[in-house]
Amino acid sequence: MAAIVTGLVPILKTAVEASTDYKGRTLWFGFLSIRLITLYVAEMPWGKLDTDFQCNMTAENSEYCRRACFNQHFDVPVVMLWNFSYVLFSVSVLMMELLASQLRHSLIKQRMKRDPGSQPGGEDSLMGVKGHGLAKKDMMIDFHKQKTTLLVYLLCVGMRVGIEGTFLSVLVFWHLPKIDGLPIHCSTALCPGPYQCLVRFDSEKRMSIYSLATISATIIVTSIAFFLYSMCHYLIFGRSKLESVV
């Protein structure tokens, strides 16, 4: 539990203290937190997967053949792949954070150039930007005006759909069949057998996959909804309103 609290603190601190906001920002950081908690809970039944894998073998070479059957059955990474998908999801969120920070920095520098009197010491430096009065004010990114930022935002949302779609497919088609509760028939070159094996506590392991799949599917649906909304609201309808005004 200490590890999950340590991971949640910087996420929530960044979400609350940031001075640059954009559409859906709080929601994405909320998904980051929920995904981290779900990942932590889902990994618990898989902590002793090696010992949970049992086979009907004789005492002679039983441990060696059991491990050989284990490697044959679990031929794809499980927990490590879950963690890697979370890293990719975090990157898609942090990319937008990096762009928002850079955009804020650029806007303040433009204001300082238009108003040299507010620029401390007359130097165009990072310290001067941080010392400017606008640096202490909250800013909301207007996607109607910042079209380049909007395209990057849509790219980040599209990345989340791709990442979570791939992760959901791996869960359903790779990991879930490994613990379907059916006997595992094993025969390797060094341990011809054949042997019958099973994975203990398979119901808990399936439940952990269901929980991850539910969160992943929710992120996919939400991301698609945000993508379509942003496309229609800022690009299609926004352009039609501009043309009607002109």
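Residues numbered from 1 in each chain as written. Predicted model: local features only at pLDDT ≥ 70, side-chain atom pairs only at ≥ 80, totals over all residues. Heavy atoms only, no water.

### Some thoughts on the packing of aromatic side chains
Keep this limit in mind: Classification of ring pairs rests on two measures: the distance between centres of Phe, Tyr or Trp rings, Trp counted by its six-membered ring, which must be within 6.5 Å, and the angle between planes, read as stacked under 30 degrees, edge-to-face over 60 and tilted in between. Note on conventions: DSSP H or I runs of at least 4 residues are helices, E runs of at least 2 residues are strands, and numbering of each starts at the N terminus. Each residue's exposure class comes from its accessible area (1.4 Å probe, protein chains only) as a fraction of the maximum for that residue type: buried when under 20%, exposed when over 50%, partly exposed otherwise.
Within this structure, the stated rule accounts for six aromatic pairs. Ring centres 5.5 Å apart and planes at 80 degrees place the aromatic pair Phe53 and Phe70 in the edge-to-face group. Residue Phe53 is found in strand 2 (residues 53-55), and its partner Phe70 is found in helix 4 (residues 62-73); the two are separated by 17 residues along the sequence. On the basis of relative accessible area, Phe70 is assigned to the buried category, the value being 15%.

### Some remarks on the nonpolar core
Counted only if it meets this: Take the buried residues of types Ala, Val, Leu, Ile, Met, Phe, Trp, Tyr and Cys, join any two whose side-chain atoms come within 4.5 Å, and each joined set is a nonpolar core.
If you look at the biggest cluster of nonpolar residues, it comprises 45 residues, and the most contacted ones within it are Trp46, Phe53, Cys69, Phe74 and Trp82. Of all the secondary structure elements, the ones that give two or more residues to this core are helix 2 (25-42), strand 2, helix 4, helix 5 (79-114), helix 7 (147-175), strand 4 (184-186), strand 5 (195-199) and helix 8 (202-245). No other element matches the eight residues that helix 7 contributes to this core.

### Re the side chain of Ser90
We apply this condition: Residues adjacent in sequence count toward polar contacts only when both atoms are side-chain atoms; beyond that, a polar contact is any pair of N or O atoms within 3.5 Å, and within protein one must be able to donate a hydrogen and the other to accept it.
You can see Ser90 is positioned in helix 5. Reaching out from Ser90, the side chain makes a polar contact with the backbone oxygen of Tyr86 at a distance of 2.9 Å.

### A word on helix 2
Structural remark: α-helix, 3.6 residues per turn; residues separated by three or four positions point the same way. Counted only if it meets this: The length a helix should cover is 1.5 Å for every residue beyond the first.
A rise of 1.5 Å per residue sets the reference length of helix 2, with its 18 residues, at 26 Å; its end C-alpha atoms lie 26 Å apart and thus fit the reference within 8%. Among all positions of helix 2, only Arg25, Trp28, Phe29, Phe31, Leu32, Ser33, Arg35, Leu36, Thr38, Leu39 and Ala42 are buried.

### Here's the deal with the state of the cysteines
Counted only if it meets this: Note on terminology: disulfide denotes any pair of cysteine sulfur atoms within 2.5 Å.
In total, this model carries three disulfides according to the counting rule given. There is a disulfide in this structure between Cys65 and Cys191, and the S-S distance comes to 2.1 Å. Across the S-S bond of Cys65 and Cys191 the torsion is about -80 degrees, and the bridge reads as left-handed. One end of the pair, Cys65, is in helix 4; the other, Cys191, is in the loop between strand 4 and strand 5, and 126 residues separate them in sequence. An identical accessibility class is assigned to Cys65 and Cys191; each is buried. Each disulfide pairs two cysteine sulfurs, and for Cys69 the partner residue is Cys186, the sulfurs being separated by 1.9 Å. Negative torsions about the S-S bond denote left-handed disulfides, and the value of about -90 degrees found for Cys69 with Cys186 makes this one left-handed. On the criterion of sequence distance, the pair formed by Cys69 in helix 4 and Cys186 in strand 4 is long-range, its members being 117 residues apart. Looking at Cys69, the relative accessible area reads 1%, which means it is buried. Sequence-ordered numbering of the bonded cysteines in the protein chain gives a disulfide pattern of 1-6, 2-5, 3-4.

### Quick word on unusual backbone geometry
One non-glycine residue, Phe201, lies in the positive phi region at around 55 degrees. Mapped onto the elements of the fold, Phe201 is located in the loop between strand 5 and helix 8.

### Structural notes on the pairing of strand 5
Rules: Any two strands between which DSSP finds at least two bridges are classified as paired.
Burial of strand 5 is one-sided: the residues Tyr195, Cys197 and Val199 facing one way are buried, the residues Gln196 and Leu198 facing the other way are not. Across three bridges, strand 2 lies against strand 5 in antiparallel orientation. Along strand 5, the bridge assignment pairs Gln54 with Leu198. Where strand 4 lies against strand 5, three bridges are found, and the strand directions are antiparallel. Of the residues in strand 5, the one forming a bridge with Ile184 is Cys197.

### Description of the pattern of salt bridges
In a structure, side chains of opposite charge can pair up when their charged atoms sit close to one another. Heads up, the condition is: Only one rule defines a salt bridge in this text: a Lys or Arg side-chain nitrogen within 4 Å of an Asp or Glu carboxyl oxygen.
If you walk through the whole model with that rule in mind, you get nine salt bridges. Residue Arg200 pairs with Asp52 through a salt bridge whose shortest N-O separation is 3.2 Å. Here Arg200, found in the loop between strand 5 and helix 8, pairs with Asp52, found in helix 3 (residues 49-52); they are 148 residues apart in sequence, far enough to count as distant. Ionic pairing is found between Arg206 and Asp202, a salt bridge with its closest N-O pair at 2.9 Å. One end of the pair is Arg206 and the other is Asp202, both in helix 8 and four residues apart, which spans about a single turn. Each member of the salt-bridge network shares a partner with another, and the members are Asp50, Glu63, Arg66 and Arg67.

### Observations concerning the confidence of the model for the protein chain
Heads up, the rule is: Along the chain, pLDDT gives the predictor's confidence residue by residue, from 0 to 100. Any pair of residues with heavy atoms lying within 4.5 Å of one another is described as a contacting pair.
On average, residues of the protein chain carry a pLDDT of 77, and 68% of them reach 70 or more. The secondary structure element of the protein chain with the lowest average pLDDT is helix 6 (residues 126-131), at 47, and the one with the highest is helix 7, at 90. Within the model, pLDDT remains below 50 along residues 240-246, and this stretch shows zero contacts once partners closer than five positions in the same chain are excluded.

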